[in-house]
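Chain by chain, the residues:
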Amino acid sequence: MFLAGFWFATMRRPFRDYHVLADLWQLDWPFLRQLIVIGTPISIGSLMQYGVLSAAALLAGLISTSALAAHQIALQMTVITSMIAFGISMAVAVRVGHAVGRSDGSGIQRAGLAAILLGTLIAALLTVAVIVARFEIAELFVDKSAGDADATIGLTAELLIVAASLFVTDAAQSIAAGGLRGLKDTRVPLLFVGIAYWLIGFSLGYVLGLKIGLGAIGIWIGLSIGTTIYAGLLVLRFHLLASRRALRAVT
């Protein structure tokens, strides 16, 4: 794959006209510093997001093996359904960046809001599909010959209902984060990750799951609430910054 991409970038038109490797050994230090400043919060934020899911798996493992199995199945479905929103987030980062480059304030708003609307609509359709087929999905992952297969399938089906509740908000947060990257705003979203996922989501999941006794369902209720808060903060942040850009362009 790397060799194929390298060949296209250096040999095929119109890519070869850009001479991407012409200044390979001449580092642009100001540009490199900008990449580090923007990219470091993104990488730390991703680590914290995936970290809270791993921590949730540890909590589920403290409950039972069936809870851990159901948690992993729900997590796998969440990852699969989030891929579409992830692709849209990459596209909106580019579109918003282009609009910023041409000082098009209204274009920033249109690109971001249209992408969020598209992503949430697709996620809503996937939510319905997962809820309707929750038992069939659980049976794909669970060996029916196992002794606790029925209990695991039943728990997984219940857990998928709770997990499906965050598909829409997860899509919204992913796409809004992409729009903010196009605006070079990555530090504040990192703060939002710590507040929404760890301070609220994980803590609430721990209390509901292990202290109150809701089990894996309580853990995922906490994750769902944390994701919803995170999505709301990112969407509001994007709307605020995009509105400022639009107002600045008009004045």
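Just above, that's the structure.
What counts as what
Residues numbered from 1 in each chain as written. Predicted model: local features only at pLDDT ≥ 70, side-chain atom pairs only at ≥ 80, totals over all residues. Heavy atoms only, no water. Helix = DSSP H or I, 4+ residues; strand = E, 2+ residues; numbered from the N terminus. Buried < 20%, exposed > 50% of the residue type's maximum accessible area, 1.4 Å probe, protein only. Areas by Shrake-Rupley, 256 points an atom, 1.4 Å probe, with all protein chains shown as cover. Lys, Arg positive; Asp, Glu negative; His and termini not counted. Charge placed at Lys NZ, Arg CZ, Asp CG, Glu CD. Contact = heavy atoms within 4.5 Å. Phe/Tyr/Trp six-rings, centres within 6.5 Å; stacked < 30°, edge-to-face > 60°. Expected span 1.5 Å × (residues − 1). Axes fitted to C-alpha atoms, helices over the stretch in contact; angles between N-to-C directions. Parallel < 35°, antiparallel > 145°, perpendicular 65-115°, else oblique. Left-handed = near helix turned anticlockwise from the far one by under 90°. Nonpolar A, V, L, I, M, F, W, Y, C, P; charged D, E, K, R; others polar. Salt bridge = Lys/Arg side-chain N within 4 Å of Asp/Glu carboxyl O.

A.B. asks: Just to check I follow, could you spell out the overall build of the protein chain for this structure?
C.D. replies: A tally of regular secondary structure across the protein chain gives 9 helices and 0 strands. Starting at the N terminus, the α and β elements of the protein chain follow one another as α-α-α-α-α-α-α-α-α. For the protein chain, the C-alpha atoms occupy an extent of roughly 65 × 45 × 30 Å along the three principal directions. Burial statistics for the protein chain: of 251 residues in total, 39% are counted as buried. With an accessible surface of roughly 14000 Å², the protein chain has 70% of that area assigned to carbon and sulfur atoms. Both charge centroids of the protein chain, one from 17 positive and one from 12 negative side chains, sit 17 Å from each other.

A.B. asks: Would you mind going over the side chain of threonine 152 with me for this structure?
C.D. replies: Tracing the sequence through the fold places threonine 152 in helix H6 (residues 149-164). By relative accessible area, which is 6% here, threonine 152 ends up buried. Non-local contacts of threonine 152, meaning those with residues more than four positions away in its chain, are made with Ser66, Ala69 and Val142.

A.B. asks: For this particular structure, what's the right way to read the packing of aromatic side chains?
C.D. replies: Pairs of aromatic rings are described using the distance from one ring centre to the other and the angle between the two planes. In this structure the tally under the stated criterion is 2 aromatic pairs. Taken together, a centroid distance of 5.2 Å and an interplanar angle of 50° make the contact between tryptophan 198 and phenylalanine 202 tilted. With tryptophan 198 and phenylalanine 202 both in helix H8 (residues 187-211) and 4 residues apart, the pair spans about one turn of that helix.

A.B. asks: Quick question: what am I supposed to make of the environment of alanine 242 here?
C.D. replies: One can find alanine 242 in helix H9 (residues 216-250). Residues alanine 242 and threonine 169, spaced 73 residues apart in sequence, show a C-alpha to C-alpha distance of 20 Å. Contacts of alanine 242, omitting those with residues within four sequence positions, involve Gly105, Ile108 and Gln109.

A.B. asks: Would you mind showing me how to read helix H3 (residues 65-101) here?
C.D. replies: Quick reminder: α-helices carry 3.6 residues per turn. Residues three or four places apart thus point the same way. Over its 37 residues, H3 runs 52 Å from end to end, which matches the ideal 54 Å to within 8%, given 1.5 Å per residue. Where H3 terminates, the next one or two residues include serine 103, which has phi positive at roughly 55°.

A.B. asks: I'm lost on the packing of helix H4 (residues 105-132) against helix H7 (residues 167-182) in this one. Help?
C.D. replies: One can describe the packing of H4 onto H7 by two numbers: an axis separation of 8 Å at closest approach and a directional angle of 155°. When the axes of H4 and H7 are compared, the pair comes out roughly antiparallel. Seen along the crossing, H4 lies across H7 with a hand that is right-handed. In contact with Ala115, Ile116, Gly119, Thr120, Ala123, Ala124, Leu126, Thr127 and Val130 of H4, H7 contributes Phe167, Val168, Ala171, Ala172, Ile175 and Ala176. Of the residues that constitute the contact of H4 with H7, the class distribution is 12 nonpolar, 3 polar and no charged.

A.B. asks: Just checking my understanding: could you explain unusual backbone geometry for this structure?
C.D. replies: The general pattern is negative phi for most residues beyond glycine and trans for most peptide bonds. In this structure, serine 103 is a non-glycine residue whose phi angle is positive, near 55°. Along the chain, the position of serine 103 falls in the loop between H3 and H4. Within the chain, lysine 184 stands out as a residue other than glycine whose phi angle is a positive 65°. Here lysine 184 is to be found in the loop between H7 and H8.

A.B. asks: So what exactly am I meant to see when it comes to H7 here?
C.D. replies: Relative to the 22 Å expected for 16 residues at 1.5 Å per residue, H7 spans 23 Å between its end C-alpha atoms, a close match to the ideal helical length. Counting buried positions along H7 yields 14 of 16 residues, so the element is predominantly enclosed. Lysine 184 sits one or two residues past H7 and shows a positive phi near 65°.

A.B. asks: In this structure, what is going on with the packing of helix H2 (residues 29-63) against H3? I would like to understand it.
C.D. replies: Two quantities define a packed helix pair, namely the angle between the axes and the distance from one axis to the other. Contact geometry of H2 with H3 gives a least axis separation of 7 Å together with a crossing angle of 155°. Compared by their axis directions, H2 and H3 come out roughly antiparallel. Counted together, Leu53, Ala56, Ala57, Ala60, Gly61 and Ile63 of H2 and Ala67, Leu68, His71, Gln72 and Leu75 of H3 form the full contact between these two elements. Looking at the contact of H2 with H3, its residues break down into 8 nonpolar, 3 polar and no charged.

A.B. asks: How do you make sense of the pattern of salt bridges when you look at a structure like this?
C.D. replies: Where charged atoms from two side chains of opposite charge come close, those side chains can pair. Counted according to the given criterion, the structure contains 3 salt bridges. Close ionic contact of arginine 102 with aspartate 104 constitutes a salt bridge, the shortest N to O distance being 3.4 Å. When its relative accessible area of 52% is taken as the criterion, arginine 102 is described as exposed. What makes aspartate 104 buried here is its relative accessible area of 17%. Across the salt bridge formed by aspartate 104 and arginine 110, the nearest N and O atoms sit 3.8 Å from each other. Each of the salt bridges in this network shares a partner with another, and the network as a whole consists of Arg102, Asp104 and Arg110.

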